[in-house]
Amino acid sequence: MALKCGIVGLPNVGKSTLFNCLSSAKAQSANFPFCTIEPNVGVISVPDDRLTKLVEMCAPKSVVPATVEIVDIAGLVKGASKGEGLGNKFLANIRETDAILHVLRCFDDDNVTHVDGSVDPVRDKEIIDAELQIKDLETVESRLAKTLKQAQTGGDKTAKLQAGVLQRYQEALSQGLPARSVTLETPDEQKFAKELFLLTNKPVMYVCNVDDASAATGNAYVEAVREAIKNENAELLIVAAQTESDIAELDTYEERQEFLNEIGLEESGVARLIRAAYALLDLQTYFTAGADECRAWTFRRGMKAPQCAGIIHTDFEKGFIRAEVIKYDDYVALGGETAVKDAGKLSVEGKEYVVQDGDIMHFRFNV
């Protein structure tokens, strides 16, 4: 599924360093603003111990993990909504993403300049939030004037519904709140909201970039961010980007784990971030497993069996007959597909079955 997260933030907060850790596609990383001008795109495998276990059990000829697309976008500065810096390019690039990883500098380092002269992640957050909100407010108010006219003069029910949504967005944005803070009740309202492509309606995770000493526990900067976002519908993750960069250069898994243990972490921040980005996009995984291939398939939470079958091939969805489903825990506990069938644990599901994260699927179809 072609869904992607955009890494955003002010210049010199560690965006490109983090992106370089995430992807083999190397973004230029330097100590000055606007180093990354074109968005760099990396397709990154999602760490999943379940796939590793299936591979151990099946010894397949090929393995295909789930992936998530990460885009490193040029640093934004104050005034971007009016075209300052690379603002217009930044806003256009972020509009094309499905979720936002907002990197905040939560470390002190006299050798790394800050575009505003001092370290204050809450201020930095508010600068970018304000620029995105200003742009969204322009979008909403431009659309609202026309929609209100249609609702009032033509008695158009659809226009009336849309005007109501736009007015709620206008109120929230005028108060400095993101569009995602507005609760939409009906499917029609939610459908219209998606058509607006508002920047602040995208799911967001604040990534607090800390120093080595704060990688496991965070610091005062992180706590300030946590307090600032407590009423937002947003996530927070702590990562030490420079430390992650050092870890990535180690040759063996054992060396990397030893490094992590020394700083009090069980796994790398990059692994946690990739999984968090996957979840932020509301993505889940089902598996196909056998001697030829073990594969993790990405689907949107709530999708039904025929839609998930269509991810493999459109013919699977068109000619869908049924889905044979094994729960991952049963597969592992009983020792494979044959044992699951013998134990009566394989279920046969129809078109209304909502696929669950971790399901091992086999689809029957006829075209």
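How each quantity is defined
Residues numbered from 1 in each chain as written. Predicted model: local features only at pLDDT ≥ 70, side-chain atom pairs only at ≥ 80, totals over all residues. Heavy atoms only, no water. Phe/Tyr/Trp six-rings, centres within 6.5 Å; stacked < 30°, edge-to-face > 60°. Helix = DSSP H or I, 4+ residues; strand = E, 2+ residues; numbered from the N terminus. Buried < 20%, exposed > 50% of the residue type's maximum accessible area, 1.4 Å probe, protein only. Lys NZ or Arg CZ within 6 Å of the ring centre and 35° of its normal. pLDDT = per-residue confidence, 0-100. Contact = heavy atoms within 4.5 Å. Patch = residues over 30% accessible without salt bridge, like charges linked within 9 Å, V, L, I, M, F, W, Y side chains within 5 Å. Areas by Shrake-Rupley, 256 points an atom, 1.4 Å probe, with all protein chains shown as cover. Salt bridge = Lys/Arg side-chain N within 4 Å of Asp/Glu carboxyl O. Lys, Arg positive; Asp, Glu negative; His and termini not counted. Charge placed at Lys NZ, Arg CZ, Asp CG, Glu CD. Pairing = 2+ DSSP bridges. Axes fitted to C-alpha atoms, helices over the stretch in contact; angles between N-to-C directions. Polar contact = N/O pair within 3.5 Å; in protein donor to acceptor, adjacent residues only side chain to side chain. Core = buried A, V, L, I, M, F, W, Y, C linked by side-chain atoms within 4.5 Å. Left-handed = near helix turned anticlockwise from the far one by under 90°. Disulfide = S-S within 2.5 Å.

1. Considerations on the packing of aromatic side chains
In this structure the tally under the stated criterion is five aromatic pairs. Geometrically, the ring pair formed by Tyr-286 and Phe-363 is edge-to-face, given 5.8 Å between the ring centres and 85° between the ring planes. Taken as a pair, Tyr-286 in strand 8 (residues 283-289) and Phe-363 in strand 12 (residues 360-365) lie far apart in primary sequence, 77 residues in all. Of the residues examined, Phe-363 reaches a relative accessible area of 7% and is grouped as buried. Note that Arg-105 overlies the ring of Phe-107, its terminal NZ or CZ placed 4.5 Å from the centroid. Directly above the ring of Trp-297 sits Arg-295, whose terminal nitrogen or CZ lies 4.0 Å from the centroid.

2. Description of the confidence of the model for the protein
When pLDDT is averaged along the protein, the result is 85, and 89% of the positions lie at 70 or above. Throughout residues 25-37 the model reports pLDDT below 50, and contacts reaching past four residues in sequence, or to other chains, amount to 36 contacts.

3. Things to note about a negative patch on the surface
A cluster of acidic residues, Asp-108, Asp-110, Asp-211, Asp-212, Asp-246 and Glu-249, forms a negative patch at the surface. Its location among the elements puts Asp-246 in helix 8 (residues 241-248). The partly exposed category is assigned to Asp-246, whose relative accessible area is 34%.

4. Regarding the environment of Val-348
Note on placement: Val-348 falls in strand 11 (residues 347-349). Judged by relative accessible area, Val-348 falls into the exposed class, the value being 53%. Sequence separation between Val-348 and Phe-363 is 15 residues; the distance between their C-alpha atoms is 9.7 Å. With sequence-adjacent residues up to four places away left out, Val-348 is seen in contact with Arg-322 and Ala-323.

5. Observations regarding helix 11 (residues 305-312)
Buried within helix 11 are the following residues: Ala-305, Pro-306, Cys-308, Ala-309 and Gly-310. Buried residues along helix 11 sit against strand 8, strand 9 (293-300), helix 12 (314-318), strand 10 (320-326) and strand 12.

6. What about the sheet that holds strand 2 (residues 40-45)?
The six strands are arranged 2-4-1-5-6-7 in an open sheet whose pairing can be described as mixed. Each edge of the sheet is formed by a strand with only one pairing partner; in this case those strands are strand 2 and strand 7 (235-239). Going across the sheet, the axis of each strand differs from the next one's by a mean of 25°, ignoring polarity. Here helix 1 (residues 15-22) sits on the sheet in contact with strand 1 (4-8), strand 2, strand 4 (67-72), strand 5 (99-105), strand 6 (204-209) and strand 7, set at roughly 155° to strand 4. Taken strand by strand, helix 7 (residues 220-228) contacts strand 5, strand 6 and strand 7, and its axis lies near 170° from that of strand 7.

7. A look at the side chain of Ser-268
For Ser-268, the location among the structural elements is in the loop between helix 9 (253-262) and helix 10 (269-280). For Ser-268, a relative accessible area of 17% corresponds to the buried category. Within the structure, Ser-268 has its side chain in polar contact with the backbone nitrogen of Ala-271 (distance 3.1 Å).

8. A look at the pairing of strand 5
Burial within strand 5 is extensive, with seven of its seven residues counted as buried. Of the two faces of strand 5, the one holding Ala-99, Leu-101, Val-103 and Arg-105 and the one holding Ile-100, His-102 and Leu-104 are both buried throughout. Bridge analysis of strand 5 against strand 6 gives six bridges, and the strand direction is parallel. Bridge pairing in strand 6 links Ile-100 to Val-204.

9. Side note on the nonpolar core
Counting 71 residues, the largest nonpolar core has Leu-22, Ile-70, Leu-101 and Val-225 as its most contacted members. With near-sequence residues (within four places) excluded, Ile-70 lies in contact with Cys-5, Ile-7, Phe-19, Leu-22, Asn-40, Val-41, Gly-42, Ile-44, Leu-101 and Ala-277. Counting 16 residues, the second-largest nonpolar core is a separate cluster that includes Val-182, Leu-184, Phe-192 and Ala-193.

10. With respect to the pattern of salt bridges
Counted under the stated rule, the structure contains 19 salt bridges. Where Lys-135 meets Glu-138, a salt bridge forms, and the shortest distance between an N and an O atom there is 3.6 Å. A residue pair is termed a helical-turn pair when its members lie 3 or 4 positions apart in one helix, as Lys-135 and Glu-138 do in helix 4 (residues 121-154) at three residues. Residue Glu-138 is classed as partly exposed on the basis of its relative accessible area, which comes to 33%. Through salt bridges with shared partners, a single ionic network connects Asp-48, Arg-50 and Asp-357.

11. Focus on the packing of helix 5 (residues 157-174) against helix 6 (residues 187-196)
If you want to describe how two helices pack, look at the angle between their axes and the distance between the axes. Across the interface, helix 5 lies against helix 6 with an axial gap of 10 Å and an inter-helix angle of 65°. Helix 6 is crossed by helix 5, and the crossing has right-handed handedness. When helix 5 is examined against helix 6, the residues Leu-161, Gln-162, Val-165, Leu-166, Arg-168 and Tyr-169 are found in contact with a partner set consisting of Asp-188, Glu-189, Phe-192, Ala-193 and Leu-196.

12. With respect to the environment of Lys-351
Relative to the helices and strands, Lys-351 resides in the loop between strand 11 and strand 12. Between the C-alpha atom of Lys-351 and that of Lys-304, which follows or precedes it by 47 residues, the distance is 6.8 Å.

13. Regarding the state of the cysteines
For the coordinates displayed, the defined rule picks out zero disulfides. No disulfide involves Cys-58; its sulfur sits 3.9 Å from that of Cys-294, the nearest cysteine. Taking relative accessible area as the criterion, Cys-58 reaches 16% and is therefore assigned buried.

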